Each structure stands twice: as C-alpha cells, then as structure tokens.
Amino acid sequence: MKISVITVCYNSAATIADTLDSVAQQSWPQVEHIIIDGASTDGTLNIVKSRGERVTRFVSGPDKGIYDAMNKGIAMATGDVIGLLNADDVYADADVLSRVAQKFEDSNVEAVYGDVVFFKPENPDKIIRRYNSGRFSPDKLAWGWMPSHPALFLRREVYARVGPFNTSYRIAGDFDFIIRAFGSGQLRYEYIPEVWVKMRAGGISTGGLRNTLLLNKEVLQSCRNNGIKTNIFKILSKYPAKLLEFI
C-alpha cells in the first residue's frame, strides 16, 4: 500500500527540514512525498533538494493560497491513501505511517485519524496542548468539531468522490472538506487514540484572536452552505471544552 504525503509550503526554510526528515525516517517503505511550494524566496527550495530523501515530486510556483496548493498536490498523488503534513509539523514517531497502513488493510475503512499535540516553537520538547480528535463525530459538525487535519488519512477515492478543497476559504477550507466528506454519515472511518503529529503552536488557524474570529465566521458560512443548521453561539460553545486540551 502506497501512502502519499502532501506538504504545502511558502518561505518555510526555518521549519521544513524537520518535516522532510520526519517523512524520510518513516519505517513504512511505500511513501510518496509531494511538495507543493508557493514560489519561496528564502532558501526553502535548496533545503528540499538537499534533505528530501523521499520527495517524489517537487513543484514550485505561484498559487492561490494553501487550499489551492493542497488541491494541486492531491491531483498529483498516486498513493492508495493520502495524508497532508504541514511544513512546520512532524510525525510523532517513525512508525506512524506503518500504523496507518495497517488500519487500511481493512478494505471497509475509508478514513483513519488520530490526535495531534502542539509544542512551543522555541522548545519542541514542551507539549502545551493535545487535540483530541476522538471528540469528533459527524453529528458534532454543527458545533464546529472536526478531526485534526494533519492526523487524518483518506483513501484516494474519497478525495475523488468528495471533490477539491474550496479555495474561497482562507482558514476553514479543511473544515468545509470535512463537512462534505463526513456530513452524510456514510464515510466508514476509525479513530485511533494515539498522537500521530506534533505541530508548532501559532499556525494560521491557532494564531491569535483575528484568525480565530475569521475561522469561526468561515465555519458558520460552511455549515450554512452545506445545509447544516447552526449558529455562532453553538459554534463558540465548544471553546470551554477546548480549554481542557491544554496541558
């Protein structure tokens, strides 16, 4: 079973080496790593060329944002299973993709996801939060719950069936995709209560009040566009539970 890992990046020279090494060190032998770069100017390209032992395809050029770049990578993927790993994230250990592949040995499973932890950029050993994807279920979409995207793996045919990311969203394009993939209740998935990805705190969806406000605005819009009845108060009501994620 081949697993395609897609990493999108732009001026990620400070972090992408760790991401590349994390994929290269995976014990699962059949890994396709696709890098979609948005025309970086900070040395990212040289790092990818020198450190990307498992990079199968590397494309650099202007794009229309992160979700456009993800769509490009998914269109190039040839793996049976596809995962997306951000350019400032790493897999939790060298056997993550092996465990993912094992779960997909069951032909009935279409999606598998685990947990992620957040660490301080200046201290990778200091874990400050654990995102528990097990709190998600399709009936909680109206509250804005979703599995952690970097720890989510889907069969390639699911992407073909659901369609591309909606590039009109700046932050909530992954949530919108989750609605379309899981909202019908027909997707056969399994949650694994393990940490699969370590993320640097301060990413676009966790980076301050302005991004949080935009995220919730887009989550509300996505719910309405996809026929899920909700309101901003219901969406905001999940935040007290999220406080329990901090360590």
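Look up a bit, the structure's there.
Report on the accompanying structure.

Thresholds, definitions, all that
Within each chain, residues carry numbers counting from 1 in the order of the written sequence. Owing to the predicted nature of the model, reporting of local features is limited to residues with pLDDT of at least 70; listing and counting of side-chain atom pairs is limited to 80 or more, with chain, interface and lining totals taken over all residues. Here the side-chain values reflect all heavy atoms present in the structure, with hydrogen atoms and water set aside. To form a nonpolar core, buried Ala, Val, Leu, Ile, Met, Phe, Trp, Tyr and Cys residues must be joined to one another through side-chain atoms within 4.5 Å. Exposed residues in this analysis have more than 50% of their type's maximum accessible area, buried residues have under 20%, and partly exposed residues fall in between, with area computed by a 1.4 Å probe over protein chains only. A run of H or I in DSSP counts as a helix once it spans at least four residues, and a run of E counts as a strand once it spans at least two, with each numbered from the N terminus. What makes two residues a contact is simply this: any of their non-hydrogen atoms within 4.5 Å. DSSP calls a pair of strands paired once it identifies at least 2 bridges connecting them. The salt bridge definition used is simple: a Lys or Arg side-chain nitrogen within 4 Å of an Asp or Glu carboxyl oxygen.

Points about the nonpolar core
- Membership of the largest hydrophobic core comes to 65 residues, with the highest contact counts inside it found for Tyr91, Phe153, Phe182 and Trp196.
- If you tally residues by element for this core, the top one is helix H6 (residues 173-182), at 6 residues.
- With sequence-adjacent residues up to four places away left out, Phe153 is seen in contact with Ile3, Val81, Ile82, Gly83, Tyr91, Leu97, Val100, Phe104, Glu110, Ala111, Val112 and Trp196.
- Core analysis: the second largest hydrophobic core is formed by 8 residues, Ala17, Leu20, Ile47 and Ala87 among them.

Some details on the pairing of strand S4 (residues 81-84)
- Burial along S4 is two-sided: Val81 and Gly83 and Ile82 and Leu84, pointing in opposite directions, are all buried.
- Across 3 bridges, the pairing between S4 and strand S8 (residues 152-155) is antiparallel. The partner of Gly83 across the bridge, within S8, is Phe153.

Some details on the pattern of salt bridges
- Evaluated as defined, the whole model comprises 12 salt bridges.
- Taking the shortest distance from any N to any O, the salt bridge between Asp18 and Arg200 comes out at 2.8 Å. Of this pair, Asp18 sits in helix H1 (residues 16-24) while Arg200 is found in strand S9 (residues 189-200), placing the two residues 182 residues apart along the sequence.
- On the basis of relative accessibility, which here comes to 12%, the residue Arg200 falls in the buried class.
- Its salt-bridge partner being Glu245, residue Arg135 comes within 3.6 Å of it at the nearest N-O pair. One end of the pair, Arg135, is in the loop between strand S7 (123-131) and S8; the other, Glu245, is in the segment after helix H9 (239-242), and 110 residues separate them in sequence.
- In this structure Arg135 comes out as partly exposed when scored by relative accessible area, which is 23%.
- We classify Glu245 as buried; its relative accessible area is 4%.
- Through salt bridges with shared partners, a single ionic network connects Asp93, Arg99 and Glu194.

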